[in-house]
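An overview of the molecular structure
Chain residues, written in single-letter form:
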Amino acid sequence: MKCTFKNKRISSIITVAPSQEFRFDDEYPYFKMTEAQAKRFKKMMSLDRHRIAPPDVCASDLCLFGVQQLLKAGVLKKEEISAILFISQTPDYILPPTSNVIHGKLGLGHDVICLDINQGCAGFVVGLQQAFMLLEIPAVSKVLLLTGDTGSKQMTRQNRLNYPINGDAGAATVVERCSDERTIFMDVKNDGSRHKALLIQGGGYRMPSSVETLKLREVEEGVVKCLEHVDMDGAAIFNFTMDDIPPQIEEVLAFSGDTRESIQHFFLHQPNPFIVTQMAQKMKIPQAKVPNNVVSLYGNCSSTTIPLNITLNCSEPMRTETRRVCLSGFGVGLTWASAVMDLGPLDYCKLVDYESK
Amino acid sequence: MDKPEFYQRLAEILDVEEVKPDNVLKDFDVWDSLAILSVLAMADAKYGVSVKAEEIRSVVTAEDLARLVEAKRK
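Here is a short report on the structure shown in this document. Nothing here was measured: the structure is a model prediction, and the numbers come from that model.

**Concerning the overall build of chain A**
- Check the secondary structure of chain A and you find 10 helices and 17 strands.
- Compactness check: chain A gives a C-alpha radius of gyration of 19 Å against a globular reference of 21 Å for 357 residues, within 12% of the reference.
- Across its three principal directions, the C-alpha atoms of chain A cover 55 × 45 × 35 Å.
- Taken over 357 residues, chain A has a buried fraction of 48%.
- Considering only intrachain contacts with a sequence separation of at least 6, the fraction spanning at least 24 residues in chain A is 80%.

**Thoughts on the environment of Met133 of chain A**
- Of note, Met133 of chain A is situated in helix H5 (residues 123–134).
- In this structure, the C-alpha to C-alpha distance between Met133 of chain A and Phe5 of chain A, residues 128 residues apart in sequence, is 8.4 Å.

**Comments concerning helix H7 (residues 273–282) of chain A**
- Within the span of H7 of chain A, buried status applies to Phe274, Ile275, Val276, Gln278 and Met279 of chain A.
- Tucked into the core, H7 of chain A has its buried residues touching helix H2 (35–45), helix H6 (234–256) and strand E14 (265–268) of chain A together with helix H2 (33–47) of chain B.
- Two residues or fewer past H7 of chain A, Lys284 of chain A is found with a positive phi of approximately 55 degrees.

**Some points on the sheet that holds E14 of chain A**
All names here are of chain A.
- If you trace the five strands from one edge of the open sheet to the other, you get E1-E9-E16-E15-E14, paired in mixed fashion. Where the open sheet ends on each side, the last strands, each with one partner, are strand E1 (2–5) and E14. Geometrically, the sheet is characterised by an average inter-axis angle of 15 degrees between neighbouring strands, direction not taken into account.
- Note that strand E15 (residues 323–331) and strand E16 (residues 335–343) share nine bridges and pair antiparallel. What sits directly across from Gly329, in E16, is Ala337.

**Some details on the packing of helix H1 (residues 3–14) of chain B against H2 of chain B**
All names here are of chain B.
- Viewed as axis vectors pointing N to C, H1 and H2 meet at an angle of 145 degrees, and their least axial separation amounts to 10 Å. Here H1 and H2 pass one another in a crossing that is right-handed. Residues Arg9, Ile13 and Leu14 of H1 touch H2, and the partners they reach there are Ala35, Ser38, Val39, Met42 and Lys46.
- Taken together, the residues of the contact of H1 with H2 break down into five nonpolar, one polar and two charged.

Procedures and definitions
- Residues numbered from 1 in each chain as written.
- Chains lettered and ligands numbered in written order.
- Predicted model: local features only at pLDDT ≥ 70, side-chain atom pairs only at ≥ 80, totals over all residues.
- Helix = DSSP H or I, 4+ residues; strand = E, 2+ residues; numbered from the N terminus.
- Rg over C-alpha atoms; globule rule 2.2 N^0.38 Å.
- Buried ≥ 20, exposed ≤ 12 C-beta atoms within 10 Å, placed from the backbone.
- Contact = placed C-beta atoms within 7 Å.
- Pairing = 2+ DSSP bridges.
- Axes fitted to C-alpha atoms, helices over the stretch in contact; angles between N-to-C directions.
- Left-handed = near helix turned anticlockwise from the far one by under 90°.
- Nonpolar A, V, L, I, M, F, W, Y, C, P; charged D, E, K, R; others polar.

In structure tokens:
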């Protein structure tokens, strides 16, 4: 569904990565790969290293740390926060909402909207849409869009399909009103008939957690998992990204009156570098406009790959310049969401490592 | 469709010198999920067709695979 917004902007972005880093060259024996297999896999997926949160660090900790840095830097005041959107698949608890937990830790007043949204790789753009909609409420001043996931907790390390490309990270993005009337263009689509392409079967209420759902099995060579771990139909996801995302991006470009040339950066979600390269080729977009180093350096961190991409690759120019950008997230649901907008100058745009207290 | 060229591209994916039409895909050492992903990408990038993984898993020989891609182009 297409929509537009006016007089709204992203004012700050901070991305927070856990400091614990692992290198593929050291890890491949966990995946039961021979040296030759590892070499082939590394080359095809351009793997190098990734960030993994320690057991006691949750997605909300990464996001909260980001918010604290924004407060410390003076680009955000506690009393300006009117809403907290927490976009994640790795909440602290089944209940209460993690946005409420964060609200409490920040010590905010009662006139604040708290919402958790269960979303993955499309989550940043879906969250932006919700943030813009909340800003239609006159009493709402600034929306904190928190995206974060610790996907490593939804798989074993002995999983060659998911673990090597996974990364844990969180981000805090401030969304607010502005006098700028330039239009923001967006399209969000869903197809629930393909919801099994990315799925955690057990541990919810369709299949409650039990001894059975926790039993680890080697389901194929180098893939050890239980029913409470993520199941990904990699080929179906590849088909999805190649069949559904390029047409949506082209639709949004036509909607906004933009072209491949007028867009300066395509900040696409990065499932792995192989898919992003294929997508850019298919859309005939020069690779230089499609930064594609998030998974090689940090891992696929779900809804946070887009803010991580921006803060990793464009932190300096985004603080002083306005860039015409296309954002596109796609994944679990299946959900795919793309936007064309002006981004920057931002009050704050930084990628930092998480420091525990 | 240029079949010899298709077999050459398949040979590159399978990391062998040559692929013959009657070669059984499962007999190749590297016929795994990465190889299947590479075939999907090759079909899309070089032949403009969207092949599904289950379709690839249902074919037996290299020639079956070539026929699958060719049929989709029409």
